[in-house]
Amino acid sequence: QDPFIAFHLDKTLVRKYMSPLLIGELAPDQPSFEPSKNKKLVEDFRELRATVEKMGLLNPNRTFFILYLCHILVLDVAAWLTIWYFGASTVPFLISAVLLGTVQAQAGWLQHDFGHLSVFSKSKWNHWVHKFVIGHLKGAPASWWNHLHFQHHAKPNCFRKDPDVNMHPLFFALGKTLSVELGVQKKKFMPYNHQHQYFFIIGPPALVPLYFQWYIFYFVIQRKQWVDLAWMLTFYIRFFLTYLPLLGVKGILGLHLLVRFIESNWFVWITQMNHIPMHIDYDKNMDWFSTQLQATCNVHQSLFNDWFSGHLNFQIEHHLFPTMPRHNYWKVAPLVKSLCAKHGIEYQCKPLLTAFADIVHSLKNSGELWLDAYLHK
């Protein structure tokens, strides 16, 4: 029930689609609550959800999102004007790349808002603008994002259910339990005891330019998502038409690669700081609140942190209320902290640089656990 309520705006419409899936009702004498879930915590969270709805915290301020989109478009134009006015020498080229990298990162946070249906009251309106933002501004498919991201939200940090931890075990050994399991099984796809070092090579700088760039095209063609492909092509057509006369073929390819490199570093550090250092394991079928809290942590609030992370410094609140517009996270945070304190659940919140460092520390720790199990168990 809690995931269903968390993900959907028009619940009546969704129930119509779900009705053919009904296979039966529980008999009156059958228990309706699973023993792996904390019943009192579930009741308290549902009370919190009702409070959130009464406070209007699920209602978006559309001016916020319009201004956010405008600042992205202004940066995009500024990047082109920099090279157009100052020429294609090294300094203007690098300034333009940084501006475009910022556009890509910030458009990434904005498409995330539309993908979670947190801007408009109608799902279809969110879906339409989502295709524009992720497709035309970023050159990526909305269907690909939806396919992966909602799996992540349903079961964060659950191995084989959360696609965001699929880098285990091929590239990284993640989490204390899974790392030891790999070591006991004598599996060594990579030298995991050095993963905190090679993370800097195959992680932040490489994910977008080396993996996403080809995989998103493979995804849309394989699944015949032709509308998404058309939106993606509008990004590349616009990019090449505007920069080709200024930079030539080699220059435009270099600019595109550098922009993706900047975007990739930004994206990986922000998205992983809230999850990689947290509990990673097989699905234990816990209640919604416990599932989200053990897999997420927050980063301190500031104007810069809010902007730099697209408000994903409030990852806990975002995971508990995925459709909540991000400008309201700070308002619900004290209520979530209070519920955590009542039930003895840790609510982690840390400085930005500490959150970055914790990614590396957690990789080092799980790598050492793997090595110890590999050699001695």
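Remember, predicted model here, so these are calculated numbers, not experimental data.

Cut-offs used in this document
- Residues numbered from 1 in each chain as written.
- Predicted model: local features only at pLDDT ≥ 70, side-chain atom pairs only at ≥ 80, totals over all residues.
- Heavy atoms only, no water.
- Helix = DSSP H or I, 4+ residues; strand = E, 2+ residues; numbered from the N terminus.
- Buried < 20%, exposed > 50% of the residue type's maximum accessible area, 1.4 Å probe, protein only.
- Lys, Arg positive; Asp, Glu negative; His and termini not counted.
- Charge placed at Lys NZ, Arg CZ, Asp CG, Glu CD.
- UniProt positions renumbered as here; feature names shortened; annotations may be inferred.
- Salt bridge = Lys/Arg side-chain N within 4 Å of Asp/Glu carboxyl O.
- Expected span 1.5 Å × (residues − 1).
- Contact = heavy atoms within 4.5 Å.

### Quick notes on the overall build of the protein
- Helix and strand counts for the protein stand at 16 helices and 2 strands.
- When the 377 residues of the protein are sorted by exposure, 48% land in the buried category.
- In the protein, which carries 34 positive and 25 negative side-chain charges, the distance between the mean positions of the two groups comes to 5 Å.

### Section: the UniProt feature "transmembrane region" (unreviewed entry) in the protein
- Mapped onto this numbering, the UniProt entry gives "transmembrane region" (unreviewed entry) at residues 64–87, 198–221 and 233–259.
- For the annotated span residues 233–259, helix accounts for 100% and strand for 0% of the residues, and the straight-line distance between the end C-alpha atoms is 17 Å.

### What about unusual backbone geometry?
- Cis geometry is adopted by the peptide bond preceding proline 169, which originates at histidine 168 and carries an omega value of 5°.
- Relative to the elements of secondary structure, proline 169 occurs in the loop between helix 7 (142–154) and helix 8 (176–184).
- The phi torsion at arginine 160 lies on the positive side, around 75°, for a residue other than glycine.
- When its relative accessible area of 63% is taken as the criterion, arginine 160 is described as exposed.
- Phi is positive for histidine 311, close to 65°, though the residue is something other than glycine.
- Within the fold, histidine 311 resides in the loop between helix 13 (303–308) and helix 14 (315–320).

### A word on the pattern of salt bridges
- One pass over the structure, following the stated rule, counts 15 salt bridges.
- When the shortest N-O distance is used, the salt bridge between lysine 161 and aspartate 283 registers 2.8 Å. In this pair, lysine 161 is assigned in the loop between helix 7 and helix 8 and aspartate 283 in the loop between helix 11 (226–273) and helix 12 (288–295), connecting sequence segments 122 residues apart.
- A residue is classified by how much of its surface remains accessible, and aspartate 283, at 24% relative accessible area, is partly exposed.
- Sharing partners across several salt bridges, the network here consists of Lys40, Asp44 and Lys342.

### Points about the UniProt feature "domain: Fatty acid desaturase" (unreviewed entry) in the protein
- Sequence positions flagged by UniProt for "domain: Fatty acid desaturase" (unreviewed entry) are, in local numbering, residues 92–349.
- Measuring from the first to the last C-alpha atom of residues 92–349 gives 38 Å, for a span that is 65% helix and 1% strand.

### Some words on helix 6 (residues 123–136)
- A rise of 1.5 Å per residue sets the reference length of helix 6, with its 14 residues, at 20 Å; its end C-alpha atoms lie 20 Å apart and thus fit the reference within 8%.
- Among the residues of helix 6, Asn126, His130, Val133, Ile134, Gly135 and His136 are the ones counted as buried.
- Check the buried side of helix 6 and you find it contacts helix 5 (90–115), helix 7 and helix 11.

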